[in-house]
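Analysis of the macromolecular model
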Amino acid sequence: MKDHNYTDYSQLEQYYETRLLQLVAAIGKQYIVWQEIFDNGLKVLPDTVIDVWKGGNYKSELFNVTAAGLKTVLSACWYLNYISYGADWQKFYMCDPQDFGGTEAQNSLVVGGHACLWAEFVDSANFISRMWPRASAVGERLWSDKSVNNVDTASPRLHNMKCRMISRGLQAEPGTGPGFCAYEWKE
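What comes next is a walk through the structure. Source: prediction; values computed, not measured.

**Thoughts on the sheet that holds strand 2 (residues 49-52)**
The strand order across the open sheet formed by 4 strands is 1-2-3-4, and the pairing between neighbours is parallel. Looking at strand neighbours, the two that pair on one side only are strand 1 (32-34) and strand 4 (110-113), the edges of this open sheet. Recorded for the sheet is a direction-independent mean angle of 30° between the axes of neighbouring strands. Where strand 2 lies against strand 3 (residues 71-74), 4 bridges are found, and the strand directions are parallel. The residue of strand 3 that forms the bridge with Val52 is Leu74. Its contacts with the sheet put helix 3 (residues 58-67) on strand 2, strand 3 and strand 4, and the angle it makes with strand 3 is roughly 160°.

**Side note on the pairing of strand 3**
Chirality of the crossover, the property in question, places the unit of strand 2, helix 3 and strand 3 among those that are right-handed. As defined by bridge partners, strand 3 adjoins strand 4 across 3 bridges and the pair is classed as parallel. What sits directly across from Val73, in strand 4, is Gly112.

**Concerning the state of the cysteines**
Applying the stated criterion across every chain, the model contains 2 disulfides. Here Cys77 engages in a disulfide with Cys95; their sulfurs sit 1.9 Å apart. On the S-S bond that ties Cys77 to Cys95, the torsion sits near -70°, and the link is left-handed. In this pair, Cys77 sits in the loop between strand 3 and helix 4 (89-94) while Cys95 sits in the loop between helix 4 and helix 5 (104-107), placing the two residues 18 residues apart along the sequence. By the burial criterion, Cys77 is buried, and Cys95 matches it. Linked covalently through their sulfurs, Cys163 and Cys181 form a disulfide whose S-S length is 2.0 Å. Since a negative S-S torsion denotes a left-handed disulfide, the Cys163-Cys181 link at about -80° is left-handed. Of the two residues, Cys163 sits in helix 8 (residues 151-167) while Cys181 sits in the segment after helix 8, which places them 18 residues apart along the sequence.

**Structural notes on the packing of aromatic side chains**
Under the definition given, this model contains 5 aromatic pairs. Between Trp34 and Trp53 the ring centres are 5.0 Å apart and the planes differ by 35°, which places this aromatic pair in the tilted class. With a gap of 19 residues between them, Trp34 in strand 1 and Trp53 in the loop between strand 2 and helix 3 connect regions that are remote in the sequence. According to the relative accessible area criterion, Trp34 is partly exposed, its value standing at 43%. Measuring from ring centre to ring centre gives 5.9 Å for Trp89 and Tyr93, while their planes differ by 75°; the resulting arrangement is edge-to-face. You can see Trp89 and its partner Tyr93 sitting in helix 4, 4 residues apart, about one turn around the helix. Of the two residues, Trp89 and Tyr93, neither departs from the other in class, the shared state being buried. Here the aromatic residues Trp34, Trp53 and Trp118 are joined through ring pairs into a cluster of three or more.

Calculation criteria
- Residues numbered from 1 in each chain as written.
- Predicted model: local features only at pLDDT ≥ 70, side-chain atom pairs only at ≥ 80, totals over all residues.
- Heavy atoms only, no water.
- Pairing = 2+ DSSP bridges.
- Helix = DSSP H or I, 4+ residues; strand = E, 2+ residues; numbered from the N terminus.
- Axes fitted to C-alpha atoms, helices over the stretch in contact; angles between N-to-C directions.
- Contact = heavy atoms within 4.5 Å.
- Right-handed = clockwise from strand over helix to strand, strands pointing away.
- Disulfide = S-S within 2.5 Å.
- Buried < 20%, exposed > 50% of the residue type's maximum accessible area, 1.4 Å probe, protein only.
- Phe/Tyr/Trp six-rings, centres within 6.5 Å; stacked < 30°, edge-to-face > 60°.

This is the structure we're talking about:
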């Protein structure tokens, strides 16, 4: 910090992130940064994609990022590692990345989303069962038309996906509640 006459952390952060993004751009790669870069007021290149990942009010974050003219992806509502009782896929399914009150131009800057699975309570013993078929709900939300949003009609599709996974040897959890597959897996 002394070499650059920086007096606080924000100057160092700006230098580091600017330099990093320049290096990535120089090798012809695209990049995504976490929302802290935007929240901390760092200057970013116009092609920067912001990952809105923090819980809380992600809708206002999406609004602010897109109002600044930056592209964004959403992950805040799709943390699959959170432990809850019963079927929780419905909340993942109902999260709409364009439901934040933005204009049509702002909505066009939402370029995608992704499910996250941190490892505080997940390891090789429960990774597959925590991920699937819950991530299927996220996939359907992101890949389907906005009008495809009924959990009652989605439930059989997710159950069938679970059964396909089990038939292929993946120990997917019963995400939609009690039920069975015609070809249950064997230990």
